[in-house]
Amino acid sequence: MLYDFHIGSVTESTLWRSTDYGSTYERMNDKVGSKTVLSYLYVCPTNKRKIRSLRAVCSSALMREPSYQKYRLTFYILSLLFHPSEEDWALAYSHDQKLYSSVDFGRKWQLIHEHVTPNRFYWSVLGLDKEPDLVHMEAHTPDGNVQYVTCKAQMCTEANRNYPFPGYIDISSLVVQDDYIFIQDLHIVSTDEKQVFAAVQEWNQNDTYNLYLSDTKGIYFTLAMENVKTTRGIGGNQMLDLYEVAGIKGMLIANKRQDNQVKTYITYNKGRDWRLLQAPATDLDGNDIHCILPFCSLHLQLQMSENPYLSGTISTKDSAPGIIVATGNIGAELSYNNVGMFISSDAGNSWRQIFEEEHNVWFLDKGGALVAVKQPSVPTRHLWVSFDEGRQWIQHSFSSVPLFVDGVLVEAGAENQIMTFFGHFSHRSEWQLIKIDYKSIFSRKCTEEDYQTWHLHNQGEPCVMGQKQIYMKRRPGNYCMLGKDYSRILSAESCICRAHDFECDYGYERRGDGNCRPAFWFNPSTVSRSCSQGQNYLNSTGYRKVVLNNCTKGVKEMYTARKQQCPNRPPKGLVLTTKDGKLTANLGSNVTFLVHLDELDFGDGTAVSYSNLSWTEEGIKHVYKSAGIFRVTALAENTLGYDTTTLFLHVTCPVEHVQLLAPFVVIRNKEVNITAVVLPSHSRTVTYFWWLGNNTEPVITLDGSISFTFPNEGMHTITVQVAAANTMLQDTKTIAVKEFFKSLLLSFSPNLDEFNPDIPEWRQDVGRVIKKALLQEQLLVAVFPGVPTAAELFLLPHKNQTEGKKKSEEELEQVSNIIVSALNQNLVEFELKPGVRVIVYNTQLTLAPLVDSNPRHSSSAMLMLLSVVFLGLAVFLIYKFKRYTSLVHFSRNLTVDKTEQLITEMNSNWK
């Protein structure tokens, strides 16, 4: 494949296939499409004859010997995960974070879930999950949180989904591995052998982690080593400098930072005891090396290769117990300069140097032979083979031209011993494949005389992990092939238990004298919450046997936890939660409480009593019929005392409507009340955001009313936003702020109500017609919704007022008298439609200045600025209903000269 880093995709690809271990190859492009560009190739782990290839476009090909089939996909596959036992089942993760499943090897796909976290989806755990098609995944909720979700691969609707963990989890925290499921931010090192190795980075650590070891249930962890070094990989990810030696249980090697130095340590009992590595006694030339512990020791590089076809800096093999090959240095601390290659044949007790330069080393013939090649940065024509565990190396030439070795594929079958080297002669040349059949370097198959016994030990101590283990190994230097019947462990005999077979239990720390004492934060007298009266519990001695340690008798009884009867004690540590971990619930939903209790009061007048109730998965359910904040309390009581716990549950329902109630005209520098009416009504579960005046930040309250003072005259806009549950609504009003004003309440003849549609558009149409027809805007008219139709007319002073306040008030009073007189004489009327005339009445005259607090006057009316137009002795009001413009008639019956003179003077003053 040719990968273009500029565009981030594969641009060219060629597919080859060999059926004779690399002797000949067949080009497969014609069978999958001559112009097809393959981006990924997946081999089914349970049936390697099935291969799924993905094209650079949205399609895939199924290669199943001897047939090849193509299928077009509706999505782009980013990664595939095969089922551990069902060869036709697979999970596919798309570029848009969707997870799909297939049960016919990719012919058809079913959407499982959207917004799934990358690399956080898993098939069912064999032996633990009842359904083999169960899928574990980490999915994002619409509000940005993350949940742990399980469901069946082909039945993952919302109704069929389960949420095993209540509440939310941290992103990228779900790990399903072996028999364990983790939902915490841990670096899982291993989960084999019924125990969890986990690394945690503390707040004060940058490039180191603390190593913790769990009990067999994976619940309680104890500290195994502090400040384990990490190395940053090519992709930027942190890799822990911890290596689990293959073939020997409980043996690990780690690099620890201590006093600004990094040193290599080894353990034979799963982290219970650690020690430094003894450096070789001599170098390659046989010269003595003066390296005295603890000032000088051997240090190893523990990075696993990110290239699966290279050995990395350290190698072990299950079929070759005790043999460790690694890159390292000798000195006071770990260094990446002046390194060499070292080997141990006795499980790390002693070491020998085998090369002065870095090499990749592979195990041949189940560990019976070793082959070494220089690092890929140096071209070579030679490889080295050793039959005596690295004591002597024989050079072989595998190429006539020096080759940059990019990797080695070792195919060890029952009858075939094949190695395939692949690399390039130069950085511009094509890849080269070189097949090596190393079967010919063995003269014969091994017989019983070719084997010897080897006793595993730790610096002479024969009991390792509670037993004496004897292995059968080929005698070094015998050029015979081990064969498939090679047996590794000859015998394993249990040892008498001693102190080093036990580690500190949870809550205990090892002190300087070697004994385990309670940590400062741990109270040994605390009995587990699961311990109830009449039951038994295990009272820890401060020690627990190392997991998989096979020792017997001896001090086992003294260090093992003792079974004791649970003591009588008052309730303590009562816990009350909701099943989903939330403190909010929707109105009418079934809220499930989890609690260890005797009595539960739901806070809304309902109380339920229980006796001897313990933790249950089902929990206690309750439905709230009204919104509000409820105090939920639980009580546990016995003859020795009681304990209570409380949570406050917010029961909410979405806001459907919000209406802002505010006066239309207010007095400057006088406090005014503003109210928001919410439907349906909520109690203490609504948050109000008030945007008042020119403020750039809202005033936030839990109350639906607020008081505010406007310091400046003019037209001011106020807005309220109401948030409840997952909804938010708002309403806006405009308020006129004046130094003083007068107002009149208006009513209309009853025939208007028959044609009032009671919709905002009707009032908006009326307002637009009036604003176009009148020349000056000195009246503010508010038409209220509902019937009977009513309105309020505000008489406002001129905005460009230059006269004194007293004179303006007098003029406003005179204008008010004229309008009131006209209204009282039924002189104001308009034609709504042909044949329908409406009379306007004066309902009430308010004393000026006055802000009317009647809710009707503060309802959602249309605000209209009207002008007083004085044409002779007439005052005109014009209305419009729907699409018909009605002419407004004002009777000309006022003939008083003084009135005409007053109107003329006011008109000239307001211009």
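Residues numbered from 1 in each chain as written. Predicted model: local features only at pLDDT ≥ 70, side-chain atom pairs only at ≥ 80, totals over all residues. Heavy atoms only, no water.

Heads up, the condition is: UniProt positions are given in the numbering used here, feature names are shortened, and annotations may be inferred rather than shown by experiment.
Going by what an unreviewed UniProt entry lists, the protein chain is known as Sortilin related VPS10 domain containing receptor 3 and is assigned to Lates calcarifer. For the record of the protein chain, the UniProt heading Sequence similarities (unreviewed entry) holds the text "Belongs to the VPS10-related sortilin family. SORCS subfamily." Its UniProt record gives the protein chain the following Subcellular location (unreviewed entry) comment, quoted word for word: "Membrane".

1. Some thoughts on the overall build of the protein chain
Rules: Helical segments are the DSSP runs of H or I of at least four residues, strand segments are the runs of E of at least two, and each set is numbered from the N terminus. Contacts between residues were defined by any pair of non-hydrogen atoms, one from each residue, lying within 4.5 Å. Accessibility throughout is a Shrake-Rupley quantity obtained with a 1.4 Å probe, and a residue counts as covered only by protein chains that appear here.
A tally of regular secondary structure across the protein chain gives five helices and 75 strands. Of the contacts made within the protein chain by residues no fewer than 6 positions apart, 53% connect residues no fewer than 24 positions apart. Working note: accessible area of the protein chain is about 47300 Å², and carbon and sulfur atoms make up 50% of it.

2. Some words on the nonpolar core
Note on soluble globular proteins: their nonpolar side chains tend to be buried together. Spelled out, the test is: Joining through side-chain atoms within 4.5 Å is the link that ties buried Ala, Val, Leu, Ile, Met, Phe, Trp, Tyr and Cys residues into a set, and such a set is a nonpolar core. Buried residues are those whose accessible area, probed at 1.4 Å on protein chains only, stays under 20% of the maximum for their type, while exposed residues exceed 50% and partly exposed ones sit between those limits.
Grouped together as the largest cluster of nonpolar side chains are 26 residues, with contacts concentrated most on Met-251, Ile-253 and Leu-300. In contact with Ile-253, not counting residues within four places along its chain, are Asp-241, Leu-242, Tyr-243, Val-245, Thr-264, Tyr-265, Ile-266, Leu-300, Leu-302, Ile-314 and Ile-324. Grouped together as the second largest cluster of nonpolar side chains are 23 residues, Phe-740, Leu-744, Leu-746 and Trp-762 included.

3. Remarks on unusual backbone geometry
Cis rather than trans, the peptide bond between Leu-293 and Pro-294 has omega equal to 0°. As for its position among the elements, Pro-294 is in the loop between β26 (275-276) and β27 (297-300). In this chain, Leu-679 is followed by Pro-680 through a cis amide linkage whose omega measures -10°. Counting through the fold element by element, Pro-680 comes out in the loop between β61 (672-679) and β62 (687-691). With phi around 55°, His-115 is a residue other than glycine that occupies positive phi space. Topologically, His-115 is positioned in the loop between β12 (110-113) and β13 (116-123). Phi at Met-465 takes a positive value of approximately 55°, unusual for a residue other than glycine.

4. Brief notes about the environment of Val-116
By secondary structure assignment, the location of Val-116 is in strand β13. As a C-alpha pair, Val-116 and Thr-141 span 25 residues in sequence and 9.5 Å in three-dimensional space. The residues touching Val-116, leaving out its near neighbours within four places in the chain, are Tyr-93, Gln-97, Leu-99, Phe-121, Met-137, Glu-138, Ala-139 and His-140.

5. Things to note about the environment of Glu-356
Assignment of secondary structure puts Glu-356 in the loop between β31 (352-355) and β32 (359-364). When the C-alpha atoms of Glu-356 and Gly-340 are compared, they prove to be 4.4 Å apart, with 16 residues separating the residues in sequence. Contact partners of Glu-356, with chain neighbours within four places excluded, come to Leu-284, Val-339 and Gly-340.

6. Examining the sheet that holds strand β53 (residues 590-595)
To keep things clear, this is the line we draw: Two strands qualify as a pair provided DSSP detects at least 2 bridges between them. Helix axes are fitted to C-alpha atoms over the stretch in contact, other axes to C-alpha atoms as well, and angles between N-to-C directions run from 0 to 180 degrees.
Taking strand neighbours across the sheet as the criterion, the three strands line up as β51-β53-β56 in an open arrangement whose pairing is antiparallel. Two strands close off the open sheet at either side, each with one partner strand: β51 (576-578) and β56 (620-623). Each strand of the sheet is rotated relative to its neighbour by a mean of 35°, with strand direction disregarded. Taken together, the four bridges between β53 and β56 define a ladder with antiparallel strand orientation. Its bridge partner being in β56, Phe-593 is matched across the sheet by Ile-620.

7. Details of the pattern of salt bridges
Any two side chains of opposite charge can pair, on the condition that their charged atoms come close. For the record, the criterion: Salt bridge, as used here: a side-chain nitrogen of Lys or Arg that lies within 4 Å of a carboxyl oxygen of Asp or Glu.
Tallied over the entire structure, the rule returns 18 salt bridges. For Asp-450, the salt bridge goes to Arg-444, with nearest N and O atoms at 2.7 Å. Residue classification places Arg-444 among the partly exposed residues on the basis of a relative accessible area of 39%. Here Asp-505 makes a salt bridge to Arg-544, at a shortest N to O gap of 3.9 Å. Taken together, the positions of Asp-505 in the loop between β45 (502-504) and β46 (508-510) and Arg-544 in strand β49 (residues 543-545) put the pair 39 residues apart, joining distant regions of the chain. Residues joined in a network through salt bridges with shared partners are Asp-96, Lys-98 and Glu-114.

8. Points about the confidence of the model for the protein chain
Note the cut-off: What pLDDT conveys is the predictor's confidence in a given residue, as a value from 0 to 100.
For the protein chain, the average pLDDT comes to 80, and 81% of its residues sit at 70 or higher. Long-range and interchain partners of residues 611-616, a stretch whose pLDDT sits below 50, account for 12 contacts in this model, where long-range means more than four residues apart.

9. Some points on the environment of Pro-750
Checked against the element boundaries, Pro-750 lands in the loop between β67 (742-748) and α3 (760-773). In this structure the C-alpha to C-alpha distance between Pro-750 and Val-787, which are 37 residues apart in sequence, comes to 9.4 Å.

10. What about the state of the cysteines?
As a reminder of what qualifies: Note on disulfides: each one is a pair of cysteine sulfur atoms within 2.5 Å.
Tallying each qualifying case throughout the model produces six disulfides. Across the disulfide, Cys-151 is cross-linked to Cys-156 (sulfur-sulfur distance 1.9 Å). Because the torsion about its S-S bond is -90°, the bridge between Cys-151 and Cys-156 counts as left-handed. Neither residue differs from the other here; Cys-151 and Cys-156 are each classed as buried. Between the sulfur atoms of Cys-463 and its disulfide mate Cys-495 the distance is 2.1 Å. Its torsion about the S-S bond being -95°, the disulfide of Cys-463 and Cys-495 is classed as left-handed. Separated by 32 residues along the polypeptide, Cys-463 in strand β41 (residues 463-464) and Cys-495 in the loop between β44 (489-494) and β45 bring together distant segments of the chain.

11. Description of the sheet that holds strand β59 (residues 657-661)
With antiparallel pairing, the three strands of this open sheet are ordered in space as β59-β61-β64. Each edge of the sheet is formed by a strand with only one pairing partner; in this case those strands are β59 and β64 (705-708). Strand-to-strand twist across the sheet, computed as the mean angle between neighbouring axes with direction ignored, equals 20°. With four bridges connecting them, β61 and β64 associate as antiparallel partners. Among the inter-strand pairings, Val-672 is bridged to a residue of β64, identified as Phe-708.

12. Notes on a nonpolar patch on the surface
Rules: Any residue with relative accessible area above 30% and no salt bridge may belong to a patch, with like charges joined within 9 Å and the nonpolar Val, Leu, Ile, Met, Phe, Trp and Tyr side chains within 5 Å.
A cluster of nonpolar residues, Trp-16, Tyr-25 and Leu-433, forms a patch on the protein surface that exposes about 330 Å² of accessible area. Of note, Tyr-25 is situated in the loop between β3 (16-17) and β4 (26-27). Residue Tyr-25 is classed as partly exposed on the basis of its relative accessible area, which comes to 38%.

13. Section: helix α4 (residues 805-824)
Rules: Take the residue count of a helix, subtract one, and multiply by 1.5 Å to get its expected span.
Over its 20 residues, α4 extends 28 Å from the first C-alpha to the last, a length consistent with the 28 Å expected when each residue adds 1.5 Å. Among the residues of α4, those classed as buried are Ser-808, Glu-811, Leu-812, Val-815, Ser-816, Ile-818, Ile-819, Val-820, Ala-822 and Leu-823. In the segment just after α4, Asn-826 is the residue with positive phi, at about 60°.

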